[in-house]
Amino acid sequence: MLFPLASDYLVWLLVAALASFAYYCSRNPHLAAPWARVFRSRAAVASAVVLAFFVGVGLLDSVHYRPRLPATDPAAPPVYSVEVRSLLDLALTRLRTRLEITYSAPLATRLLQKERIERPDGTSVRDYPRLRFGGQHLKDEADLSQDVALRIVAGLALAAAVWSLVVLAGRRTLARRWPFVPWDAAAIALAALLALAGPVAMLAAGYHVLGTNQVGSDVLYQALKSIRISLVIGTLTTLVLLPLGIAAGITAGYFKGWLDDAVQYVYTTLNSIPGVLLIAASVLMVQVYIDTHPELFPTSAQRADFRLLSLCAILGAVDWTGLARLLRGETLKLAQLDYIEAAHAFGVSHVRILTRHILPNVTHIVVITLVLSFSGLVLAEAVLSYIGVGVDPSTISFGTMINAARLEMAREPMVWWSLAAAFVFMFALVLAANLFADAVRDGFDPRVRV
């Protein structure tokens, strides 16, 4: 049974809005031209391929459902589990369900710590026990290196086949449709991505590629599940940030006077309060509300989703001040131009001037600010979850993975793979977003072009 969460509706609404915006830009040459300049950059095209992978994973994790329980009575109505899963959980069933007892290193066949093992003759000995799933297909553990090598080769062969199919089938068609795009950069980025994904997929069928955590859960599964949280934080926050920043910045710069003074007073006051303290206080208030109203959240997934959306709203309410300041300054300059003065002389209303003349001319600032702030919001989630005021502790995210790894790094032997996995995935996401943001800035900012 489909069981969409509130964040799912917002995610798909945002996808529809972006698709509509892309279609609108394609129908208007003055809007399509900046995006054409963006995608002439090789770095932008390569980073877009990487971002497409992360977005695909996030969208798969944004379709939730409750599995149907086995029926004991065929005549009885269907009963559904209280556990909420996603299409990503369904695709990663093997990773999700193969739980070990505790820690195990990447590609290991035994647990990380010794346990008492009963021998067939009745005696017991302390040793590293075999994993229940990782490497169980091996009859002799001495064949581990050979089996890993064969799986890597098979994964690379599969990646090469998929890459050839995609490139040969789509490159010529895409080159005719968008000849200005450097498709060779996209092909190279796709090759690098498949060269990593192919061997990992083959190895994950028989091993825990990135090891397991304290409760025996696969770290690769946790890293993939964390992608959606980062994307939601980085994108849905804009639903709060955009209206506040645009309305406050444009009206303050256009009307001036007491309204400008009031807006400046508000965002100066907000900026004088330490952001982490303001966010922490707001999140704790939200948690108190959740704890005192359990009847509003029948499942743990709904409770965690409400806290996630609340965190997005709080971050947006704190971060809108930067966008408002930039738009205020640009609007002050635009309001003095001749065509705005002519519109006043012809009796054009303030609302029409704001929507038809001011807002379209500050769109480049809005786009640049939003794209550049994405990586900052992703890192903010990691920091806030690390100090315990981010997403719900039951939610898998990069921040909760780093927080759990805090004590793991101090034990002996050191458990480093949870922190390394969160770092690598988050680094790839933020790096791709920053490279794409640089290209967007160069494409939209007229001063850069000059």
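Here we summarise the structure given alongside this text. Along each chain, residues carry numbers from 1 onward, in the same order as the chain's sequence is written. Only residues with pLDDT of at least 70 are given local features in this predicted model, and only at 80 or more are side-chain atom pairs given and counted; all residues enter the totals for whole chains, interfaces and linings. Calculation of side-chain values draws on the structure's entire complement of heavy atoms; hydrogens and water are dropped beforehand.

Once that is clear, we can look at the environment of Val 63. Helix and strand assignments follow DSSP, with helices taken as H or I runs no shorter than four residues and strands as E runs no shorter than two, numbered in order from the N terminus. Its location among the elements puts Val 63 in the loop between α3 (42–60) and β1 (64–65). Classification of Val 63 by relative accessible area gives partly exposed; the value is 23%. Remark: the alpha-carbon pair of Val 63 and Leu 87, spanning 24 residues in sequence, is separated by 5.9 Å. Whether two residues are in contact is decided by their heavy atoms, any of which lying within 4.5 Å being enough. Setting aside residues up to four positions removed in sequence, Val 63 forms contacts with Leu 2, Trp 12, Arg 85, Ser 86 and Leu 87. Buried residues are those whose accessible area, probed at 1.4 Å on protein chains only, stays under 20% of the maximum for their type, while exposed residues exceed 50% and partly exposed ones sit between those limits.

What counts as a ring pair is set by centres within 6.5 Å for rings of Phe, Tyr and Trp (its six-membered ring), and what kind of pair is set by the plane angle: stacked under 30 degrees, edge-to-face over 60, tilted for all other angles. Evaluation of the coordinates by the stated rule reveals seven aromatic pairs. On the basis of an interplanar angle of 70° and a centroid distance of 5.4 Å, the ring pair of Phe 53 and Phe 54 is categorised as edge-to-face. Its relative accessible area of 4% is what places Phe 54 among the buried residues. Plain terms: the ring middles of Trp 416 and Trp 417 are 5.6 Å apart, the flat faces sit at 80° to each other, and that makes the pair edge-to-face. Cluster of aromatic residues (ring-pair linked, three or more members): Tyr 289, Phe 297 and Phe 306. Should the NZ of a Lys or the CZ of an Arg lie within 6 Å of a ring centre and within 35 degrees of the ring normal, that charge is described as sitting over the ring. Against the face of Phe 3 rests Arg 66, its NZ or CZ located 5.2 Å from the ring centre. Its guanidinium or amino end placed over the ring of Tyr 386, Arg 406 lies 5.5 Å from that ring's centre, counting from NZ or CZ.

In this description, a nonpolar core means a group of buried Ala, Val, Leu, Ile, Met, Phe, Trp, Tyr and Cys residues linked to one another through side-chain atoms lying within 4.5 Å. Grouped together as the largest cluster of nonpolar side chains are 47 residues, with contacts concentrated most on Ile 227 and Phe 425. Of all the secondary structure elements, the ones that give two or more residues to this core are α3, α7 (183–204), α8 (219–255), α14 (363–386), α15 (398–408) and α16 (417–444). Among the elements that take part in this core, α16 stands out by supplying 14 residues, more than any other. Ranked by size, the runner-up nonpolar core spans 23 residues in total, among them Ile 229, Val 232, Cys 312 and Leu 377.

What follows concerns the environment of Leu 231. With respect to the helices and strands, Leu 231 occurs in helix α8. Overall, Leu 231 belongs to the buried group, its relative accessible area being 12%. Note: C-alpha distance between Leu 231 and Glu 83 (148 residues apart in sequence) is 23 Å.

It is possible for side chains of opposite charge to pair when their charged atoms get near one another. We define a salt bridge as a side-chain nitrogen of Lys or Arg found within 4 Å of a carboxyl oxygen belonging to Asp or Glu. The full count for this structure, using the stated rule, is 12 salt bridges. Asp 61 serves as the salt-bridge partner of Lys 225, at 2.9 Å between the closest nitrogen and oxygen. Here Lys 225, found in helix α8, pairs with Asp 61, found in the loop between α3 and β1; they are 164 residues apart in sequence, far enough to count as distant. Its relative accessible area of 12% is what places Lys 225 among the buried residues. The exposure class of Asp 61 is buried, given its relative accessible area of 2%. A salt bridge links Arg 110 to Glu 141, with the nearest nitrogen and oxygen atoms 2.8 Å apart. Here the residue Arg 110 occupies a position in the loop between α5 (93–97) and β3 (115–118), and Glu 141 occupies one in the loop between β4 (124–127) and α6 (144–177), the gap between them amounting to 31 residues. Three or more residues are tied together by salt bridges with common partners; here these are Asp 61, Asp 89 and Lys 225.

Let us now look at a nonpolar patch on the surface. For patches, a residue must show more than 30% relative accessible area and have no salt bridge; joins then use 9 Å for like charges and 5 Å for nonpolar side chains, namely Val, Leu, Ile, Met, Phe, Trp and Tyr. Method for areas: the Shrake-Rupley scheme with a 1.4 Å probe, in which residue coverage is limited to the protein chains shown. A contiguous nonpolar patch, built from Phe 423, Val 424, Phe 427, Leu 431 and Leu 435 and spanning about 470 Å² of accessible area, is present on the exposed surface. Within the secondary structure, Leu 435 sits in helix α16. Among the residues examined, Leu 435 registers a relative accessible area of 36% and is labelled partly exposed.

Next up on the list: the packing of α8 against α16. Relative orientation and spacing of two packed helices are given, respectively, by the angle between their axes and the distance between those axes. Fitted lines through C-alpha atoms serve as axes, helices being fitted only where they are in contact, and the angles separating the N-to-C directions of these axes extend from 0 to 180 degrees. Where α8 meets α16, the axes come as close as 10 Å, and the angle between the chain directions of the two elements is 40°. Comparing their axes, α16 and α8 come out oblique. α16 is crossed by α8, and the crossing has right-handed handedness. Across from Val 219, Leu 220, Ala 223, Leu 224, Ile 227, Ser 230 and Leu 231 in α8, the residues of α16 making contact are Trp 417, Ser 418, Ala 421, Phe 425 and Leu 429. Per-class residue counts for the contact of α8 with α16 are 10 nonpolar, two polar and no charged. By the definition adopted for this analysis, an angle is roughly parallel if under 35 degrees, roughly antiparallel if over 145, roughly perpendicular if from 65 to 115, and oblique otherwise. Left-handed describes a crossing whose near helix is turned anticlockwise from the far helix by less than a right angle; the clockwise case is right-handed. In this classification, the charged set is Asp, Glu, Lys and Arg, the nonpolar set is Ala, Val, Leu, Ile, Met, Phe, Trp, Tyr, Cys and Pro, and all remaining amino acids, among them Gly, are polar.

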